[in-house]
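Residue-level structural notes
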Amino acid sequence: MSHPGDEVSHIESDVDLDKRQWLQGGRQHVEDETVPDAPASPVDIMADFIRQHSTSGQLVARALFLLPPYAIEETALSPLLEALISGEAGADIVCVHGSQDDYYFSTQTMTANYADMCVQVVEKDICRAIAQAVRFDCQTYPRPYKVAMLEQSPYGFDPQQIETALAAIETHPDFADIRPVAASNDALYLFSERYMSYGKAYGLCEWLEVEQYQNP
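Residues numbered from 1 in each chain as written. Predicted model: local features only at pLDDT ≥ 70, side-chain atom pairs only at ≥ 80, totals over all residues. Heavy atoms only, no water.

1. As for unusual backbone geometry
Filter applied, for reference: Only DSSP runs of H or I reaching four residues or more are called helices, and only runs of E reaching two or more are called strands; each is numbered from the N terminus. Burial status follows relative accessibility: with a 1.4 Å probe on protein chains alone, a residue under 20% of its type maximum counts as buried, one over 50% as exposed, and anything between as partly exposed.
For the bond running from Y141 to P142, omega is -20 degrees, close enough to zero to count as cis. Its place among the elements puts P142 in the loop between helix 6 (126–140) and strand 4 (145–146). P154 follows S153 through a cis peptide bond whose omega is 5 degrees. Structurally, the position occupied by P154 is in the loop between strand 4 and helix 7 (159–171). Residues other than glycine seldom take positive phi values, yet A71 does so here, at roughly 50 degrees. Within the secondary structure layout, A71 lies in the loop between strand 1 (60–61) and helix 4 (74–86). The buried category is assigned to A71, whose relative accessible area is 13%. Even without a glycine there, the phi angle at K124 is positive, about 55 degrees.

Below is the structure:
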């Protein structure tokens, strides 16, 4: 049987003390000239950490900084993040607020729309993720949204998850504008009545699925 003390010891053993000292502003001067130069400040380190995750298509949740290897204390984290967002070092760093946490990304390699998609995936809000994707495509391009795209990145939903979510969307008032439409080859699409009619959505999905190949 494990004891609470065992868990604490395990977490402490995973903490990168060097990173934590830098982030808490307490790293001692190192005389060894062979040691590579470190980033100028804790804020610089956080910004680089977020940029690395954005490059790989991932958000950084605020709670992540409370865990190893950084394990920043809660009282120190808020001032650091505030300095990051408001300062020049974090000029490309943006915070997006989810229902469960705050998330950070770099605009150098990630768009705000993609970050919003990732938040819905991280928080497993599948219905809202689908509705947001459909509305964005209908308003921006405009075009209906192919349901099969939900199985690809950044969503990666499986067919059962999609089927369950679409059944919920069909009856929930928050998603009353989301409607299905299918091409003549039975490819299923979704569209938002806020931004296009059924006729336009059908014409576009028929062109995307069938007509463009008949009339290249």
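That was the structure; now back to the text.
2. Details of the packing of aromatic side chains
Rules: Note on aromatic pairs: the rings of Phe, Tyr and Trp (six-membered ring only in Trp) are paired at centre separations within 6.5 Å, and the planes decide the class, stacked below 30 degrees, edge-to-face beyond 60, tilted for the rest. By definition, being over a ring means that NZ of Lys or CZ of Arg is both within 6 Å of the ring centre and within 35 degrees of the ring normal.
If you walk through the whole model with that rule in mind, you get 6 aromatic pairs. Taken together, a centroid distance of 5.6 Å and an interplanar angle of 55 degrees make the contact between F49 and F65 tilted. Of this pair, F49 sits in helix 3 (residues 42–55) while F65 sits in the loop between strand 1 and helix 4; the two residues are 16 residues apart in sequence, bridging distant segments of the chain. This pair shows no difference in class: F49 is buried, exactly as F65 is. Each member of the aromatic cluster is reached from another via a ring pair, and the members are F49, F65 and Y70. Taking NZ or CZ as reference, R143 lies 4.0 Å from the ring centre of Y141, over its face.

3. Some details on the pairing of strand 6 (residues 188–192)
Keep this limit in mind: DSSP calls a pair of strands paired once it identifies at least 2 bridges connecting them.
Judged by how many residues are buried, strand 6 sits mostly within the fold: 4 of 5 residues are covered. Here 2 bridges tie strand 4 to strand 6, and the two strands are oriented antiparallel to one another. Along strand 6, the bridge assignment pairs Y145 with L190. Pairing of strand 5 (residues 178–182) with strand 6, which is carried by 5 bridges, proceeds in the antiparallel orientation.

4. Quick word on the layout of surface pockets
Picture a little ball the size of a water molecule; that probe, rolled over the atoms, points out where space is still empty. The test is simple: A pocket here means an open set of points on a 1 Å grid, computed over the protein atoms alone, that has protein on both sides within 12 Å along at least five of seven lines. A cavity is instead a set of points where a 1.4 Å probe fits but cannot get out; residues with an atom within 4 Å of a point line either one. Grid points are joined across faces, edges and corners, and a volume is the space filled by probe spheres set on the points. All residues other than Ala, Val, Leu, Ile, Met, Phe, Trp, Tyr, Cys, Pro, Asp, Glu, Lys and Arg, Gly among them, are scored as polar; the first ten of these are nonpolar and the last four charged.
Considering only enclosed or pocket space, the largest pocket measures out at about 280 Å³ in volume. Taken together, 16 residues form the lining of the largest pocket, with D137, Y141, R143, Y145 and M149 sitting closest to its centre. Of the residues in the lining of the largest pocket, the class split is 10 nonpolar, 3 polar and 3 charged.

5. Details of helix 8 (residues 198–214)
It helps to recall that an α-helix has 3.6 residues per turn; residues three or four apart then point in one direction. The condition that has to hold: Every helix has an expected span of 1.5 Å times one less than the residues it contains. Two axes enter the definition of the bend at a residue: one is fitted to the seven residues ending there, the other to the seven starting there, and the bend is the angle between them. Here, residues are in contact when the closest pair of their heavy atoms is within 4.5 Å.
With 17 residues, helix 8 ought to run about 24 Å at 1.5 Å a step, and its terminal C-alpha atoms sit 23 Å apart, in line with that. The principal kink in helix 8, of about 55 degrees, is found at W207. Burial in helix 8 covers these residues: A201, C205, E206, E209 and V210. Tucked inside the fold, the buried residues of helix 8 contact strand 4, strand 5 and strand 6.

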